[in-house]
Amino acid sequence: MRPAPTLELVLVGDRDEAITAHRAIPLALDLASQALDQPLQARWLATDEIGDGSALHAAHGVWCVPGSPYRSMDGALRAIRQARESGQPFLGTCGGFQHAVVEYARHVLGWVDAEHEETAGAGERRVIHHLACELVEQHERLAPLPGTRLHAVYEGQPFSEGYRCRFGLNPDFVAALTAGPLKAAAQGPAGDVRAVELAGHPFFVAALFQPERQALQGNLPGLVRAWVEAAAVRAAEQEARSCC
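Residues numbered from 1 in each chain as written. Predicted model: local features only at pLDDT ≥ 70, side-chain atom pairs only at ≥ 80, totals over all residues. Heavy atoms only, no water.

**Section: the overall build of the protein**
Helices and strands together make up the secondary structure of the protein, namely six helices and 10 strands. In terms of C-alpha radius of gyration, the protein reaches 17 Å, essentially the compact-globule figure of 18 Å for 244 residues. On the principal axes, the C-alpha backbone points of the protein span a range of 55 × 40 × 35 Å. Per-residue burial over the protein gives 52% buried out of 244 residues. Considering only residue pairs separated by 6 or more positions, the protein has 71% of its internal contacts joining residues 24 or more positions apart. Just so you have it, the protein exposes about 10700 Å², and 48% of that area is on carbon and sulfur atoms. Computed over 21 positive and 29 negative side-chain charges, the inter-centroid distance for the protein is 2 Å. (Helix = DSSP H or I, 4+ residues; strand = E, 2+ residues; numbered from the N terminus. Rg over C-alpha atoms; globule rule 2.2 N^0.38 Å. Buried < 20%, exposed > 50% of the residue type's maximum accessible area, 1.4 Å probe, protein only. Contact = heavy atoms within 4.5 Å. Areas by Shrake-Rupley, 256 points an atom, 1.4 Å probe, with all protein chains shown as cover. Lys, Arg positive; Asp, Glu negative; His and termini not counted. Charge placed at Lys NZ, Arg CZ, Asp CG, Glu CD.)

Right, here's the structure in full:
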């Protein structure tokens, strides 16, 4: 039996050891690697180094990590768009969720003025807005929505996850944003959308919460495991094609 190919994973974000999630992510990936007996190599790619996106082409998976405002919003959006259009398994957490929504609004819905309130100018469509109740070092009890990947990951059960964010999905745009292939995947206690995923994509999930933080307590985050599994499927498929 041939050994599993080493996964090439790209972590899109401006690495900063002061950010709790950035310390947690390598631990989460180590736990996933051990649990799945899957060798992997994760490479951080700063948003201002993405350029034309060629550095992402060989990646089996792309994770847009917390830490916004990014040094280059355009770089983050380019990485997300490439993963969405190429079928690369994509995970976005916190800032990654926020920018996945902006990317979809701009390049799928054609809302060229779609923006993140943190960086928006006057008159721009703020699909990501300042939360009335900030979620800085807060936890919420969340509900996965039936028929979604998150529903499978959390076995259909309510779950608790932690946050460190002040911005979230603007409810004024939820209906339009989720009328097509982008679907709500989890809701907070008041019905606010806290995760989305893209139908018809091998794996495209973005969550406002930070599941990676579970790794700081030695627990493998189910969402990270699912993303690594999807990346392994892509790697195996590529290897099979190269052998034919």
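**Details of the pattern of salt bridges**
One pass over the structure, following the stated rule, counts 15 salt bridges. Glu-117 is the partner of Arg-126 in a salt bridge, and the nearest nitrogen-oxygen pair spans 3.5 Å. Residue Arg-126 is classed as partly exposed on the basis of its relative accessible area of 27%. With a closest N to O distance of 3.1 Å, Glu-137 and Arg-164 form a salt bridge. Residue Glu-137 is found in strand 6 (residues 125-144), and its partner Arg-164 is found in strand 7 (residues 159-169); the two are separated by 27 residues along the sequence. For Arg-164, a relative accessible area of 42% gives the class partly exposed. Connected via shared salt-bridge partners are Arg-81, Arg-84, Glu-85 and Glu-103. (Salt bridge = Lys/Arg side-chain N within 4 Å of Asp/Glu carboxyl O.)

**Points about the pairing of strand 10 (residues 204-207)**
Burial of the side chains of strand 10 extends over both faces: Phe-204 and Ala-206 are buried on one face and Val-205 and Ala-207 on the other. Relative to strand 10, strand 4 (residues 90-93) is paired through four bridges, and the arrangement is parallel. Each bridged residue has a counterpart across the sheet, and for Leu-91 the counterpart in strand 10 is Val-205. By the bridge criterion, three bridges tie strand 9 (residues 193-198) to strand 10 in an arrangement that is antiparallel. The residue of strand 10 that forms the bridge with Ala-195 is Ala-207. Between strand 9 and strand 10, which pair antiparallel and follow one another directly, the connecting turn spans five residues, one of which, Gly-200, has a positive phi of 85 degrees. (Pairing = 2+ DSSP bridges.)

**Focus: the packing of aromatic side chains**
One pass over the structure, following the stated rule, counts six aromatic pairs. Residues Phe-90 and Phe-204 carry aromatic rings whose centres are separated by 4.5 Å and whose planes lie at 25 degrees to one another, so their mutual orientation is stacked. Pair noted here: Phe-90 is in strand 4 and Phe-204 is in strand 10, with a separation of 114 residues, a long-range link. Each member of the pair Phe-90 and Phe-204 is classed as buried. When the centroid spacing of 5.7 Å and the interplanar angle of 70 degrees are considered together, the rings of Phe-159 and Phe-209 count as edge-to-face. A residue pair is termed long-range when its members are at least 10 positions apart, and Phe-159 in strand 7 and Phe-209 in the loop between strand 10 and helix 6 (222-242) qualify at 50 residues. Neither Phe-159 nor Phe-209 differs from the other in exposure class; each is buried. (Phe/Tyr/Trp six-rings, centres within 6.5 Å; stacked < 30°, edge-to-face > 60°.)

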